[in-house]
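Now for the letters of each chain:
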Amino acid sequence: VRRPDLCSSTPTQVPGSLRTTTPACTLNVPSEANYTEQLPAGLGARLQEAGVSIPPWRGRPTSTLEKKKRKPQLMEEDESSGALLKPLVFRVDETTPPVVQSVLLERGWNKFDEQEQNAEDWNLYWRTSSFRMTEHINVKPWQQLNHHPGTTKLTRKDCLAKHLKHMRRMYGTSLYQFIPLTFVMPNDYTKFVAEYFQERQMLGTKRSYWICKPAELSRGRGILIFSDFKDFIVDDMYIVQKYISNPLLIGRYKCDLRIYVCVTGFKPLTIYVYQEGLVRFATEKFDLSNLQNNYAHLTNSSINKSGASYEKIKEVIGHGCKWTLSRFFSYLRSWDVDDLLLWKKIHRMVILTILAIAPSVPSAANCFELFGFDILIDDSLKPWLLEVNCSPALTLDCSTDVLKRKLVHDIIDLIYLNGLRNEGREASNTTHRNSNIDAAKSDRGGLDAHDCLPYESLSFTSRMYNKHDSVVEKAVSVHPQAAPASQLEGEMSGQEDFHLSTKEMAQSKPKRRSRHTPHKTLMPYASLFQSHSCKTKTSPRVLSDHGKAPDPQAGNFVLVFPFNEATLGASRNGLNVKRIIQELQKLMNKQHS
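All figures in this text were calculated on a predicted structure; none of them were measured in a lab.

> Tell me what's going on with the packing of aromatic side chains, and back it up with residues and numbers.
Enumeration according to the criterion identifies 25 aromatic pairs in this entry. Taken together, a centroid distance of 5.1 Å and an interplanar angle of 70 degrees make the contact between Y125 and F131 edge-to-face. Accessibility classification places Y125 together with F131 in one group, the buried group. Aromatic side chains F183 and W210 sit 6.3 Å apart centroid to centroid with 50 degrees between the ring planes, which places their arrangement in the tilted category.

> Please give an account of the pairing of strand β18 (residues 278–281) that cites residues and values.
Neither face of β18 is left uncovered, since the one carrying L278 and R280 and the one carrying V279 and F281 both have all their residues buried. Pairing analysis gives four bridges linking strand β16 (residues 253–266) to β18, with the strands arranged antiparallel. Pairing of D256 across the sheet is with R280, part of β18. Taken together, the three bridges between β18 and strand β19 (residues 322–324) define a ladder with antiparallel strand orientation. Each bridged residue has a counterpart across the sheet, and for R280 the counterpart in β19 is K322.

> Describe the packing of helix α10 (residues 325–334) against helix α11 (residues 339–355), naming the residues involved and giving the relevant values.
α11 packs onto α10 with a crossing angle of 130 degrees between their chain directions and a minimal axis gap of 10 Å. When the axes of α10 and α11 are compared, the pair comes out oblique. Facing α10, whose interface residues are L325, F329, L332 and R333, α11 presents D339, L342 and W343. Its residues placed into classes, the contact of α10 with α11 shows five nonpolar, no polar and two charged.

> Give a detailed account of the nonpolar core, specifying residues and quantitative values.
Membership of the largest hydrophobic core comes to 61 residues, with the highest contact counts inside it found for I259, F328, I354 and F373. Ranked by residue count, the leading element in this core is α11, at nine residues. When residues no more than four places from it in sequence are discounted, the contact partners of I259 are V273, L325, W343, I346, F371, G372, F373 and I375. Grouped together as the second largest cluster of nonpolar side chains are 29 residues, V100, L104, Y260 and L278 included.

> Describe the packing of α11 against helix α18 (residues 577–592), with residues and values.
Close contact between α11 and α18 brings their axes to 12 Å; oriented N to C, the two are set at 165 degrees. The angle between α11 and α18 falls in the class roughly antiparallel. For α11 against α18, the interelement crossing comes out left-handed. On α18, the residues touching K344, R348, I351, L352 and L355 of α11 are I580, I581, L584, M588 and Q591. Residues of the contact of α11 with α18, tallied by class, amount to seven nonpolar, one polar and two charged.

> Quick one: what's the story with the pattern of salt bridges, residue by residue and with numbers?
With the rule as written, the count across this model stands at 18 salt bridges. For the salt bridge of E387 with K157, the shortest nitrogen-to-oxygen distance reads 3.9 Å. Pair noted here: E387 is in strand β21 (residues 383–390) and K157 is in helix α6 (residues 157–171), with a separation of 230 residues, a long-range link. By relative accessible area, which is 13% here, E387 ends up buried.

Cut-off values and rules
Residues numbered from 1 in each chain as written. Predicted model: local features only at pLDDT ≥ 70, side-chain atom pairs only at ≥ 80, totals over all residues. Heavy atoms only, no water. Phe/Tyr/Trp six-rings, centres within 6.5 Å; stacked < 30°, edge-to-face > 60°. Buried < 20%, exposed > 50% of the residue type's maximum accessible area, 1.4 Å probe, protein only. Helix = DSSP H or I, 4+ residues; strand = E, 2+ residues; numbered from the N terminus. Pairing = 2+ DSSP bridges. Axes fitted to C-alpha atoms, helices over the stretch in contact; angles between N-to-C directions. Parallel < 35°, antiparallel > 145°, perpendicular 65-115°, else oblique. Contact = heavy atoms within 4.5 Å. Nonpolar A, V, L, I, M, F, W, Y, C, P; charged D, E, K, R; others polar. Core = buried A, V, L, I, M, F, W, Y, C linked by side-chain atoms within 4.5 Å. Left-handed = near helix turned anticlockwise from the far one by under 90°. Salt bridge = Lys/Arg side-chain N within 4 Å of Asp/Glu carboxyl O.

These figures come from the coordinates and say nothing about function on their own.
This is the structure we're talking about:
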């Protein structure tokens, strides 16, 4: 290539590029072998992670000076084979769960070595503890942190109680009836004493039950359940709650649900709920006459795995103390329970809980948060929020915990595919429209999206579901290799009996659902938009600030907020909580009508 306006010297061929020499300057004109260096920082690595092919380079020549300024973190050049993308790099500390490291290595990532690599040469920093605000401020465009600042307002029990109490006062008790009556000690001590003795007088000889929890501790540590006021002792920051004395019992064992929730951003607010999870059981039969027996009243796995009954084959429950969420809903359906309605209630609870802190959370880029919502179902099938956990345990203690590997895989897909699609759409206008669908396919099943879907559908297959199908079945049918319910159930125990005993049914009396007309189809539980036709072959999406779009699904993660056009608009340019509450109220009224 000869440019008479620059020089008249004879051009020389250099392997891997075409070089034109001039006394004034030197321009390296990239061939297709090294065009990938023209990609924005971070995009090339994310393209590699998603397995997306890159179209031939059509940019301008790059000067030698520009090459020196460009950061080399994500790619390196090899003259014999062209430009090669470096593997993504993850950073950890001593608290990072081993399963996270294992999954990332399995996906081809490299572990960060501070002795050998530049301090900024990493893409994901995952640890249990939160990050300082300065770390959030200094995060680079190609980096992600696994915590969002300000979320302790949700995960400290006393802070959660205060924020939900404020929301009840602002927007009424009808929406926020999912948290038990709560007092924060020592500030609410006088109010609690008054409530306790007033209730005692009303009940007469009938006993009332309360549970006392340390505000900052987790894994069931320091919990006290009492009925007599003389047993109540507080010497630190505690909350005292009305104890749910009528839990749903399975085989006469108490249980609660661990629901995984990923918030990919607070501004605008974007919430995903994982459609698989854990059901944690107490390992001794529920008994209100012995409140000191933690193995009968607490469902924390860290407590029950050390109990004498953990290894025993328990009635209905089987071995151990955990089920998968899909097995739990399969059990409920065997008694004709409307599991779909229960899912809707849980999703609404998640949205309302996160709304309590969302307006006060500071802005931060390139971070996400995985929460563990602990939810108890009572014998009338009403869900109660017990607490919200940051850094929910990802240890693999038993065969049921295998779902946590898939959970980590899906988090990586969710975070990096969202970023990939948004960055890719802004970086180039020449990318084919349906490459978004191709980019969504990952090494773990990914998004095998249907070419054209109505906005109201979050299903990624052509199968139509009826009301006899559970939400988890729908998620598993999208990714059958990820977490088949039958396989997970088989790993738990060999028992086939999922039925309640007659005595247990008399105690629990779960609500039955009416039989539905055969072949009647049902739209998925988390309707995103009003139905209208797709004119182009692209995956459904919604536009947020800066024109970016949250994906409706990644693996078993399903978008639950925003859930319609009104809530989408209310979450842009600031969070209009009042408008969102109105939309939730409309949704509740529609479901009840």
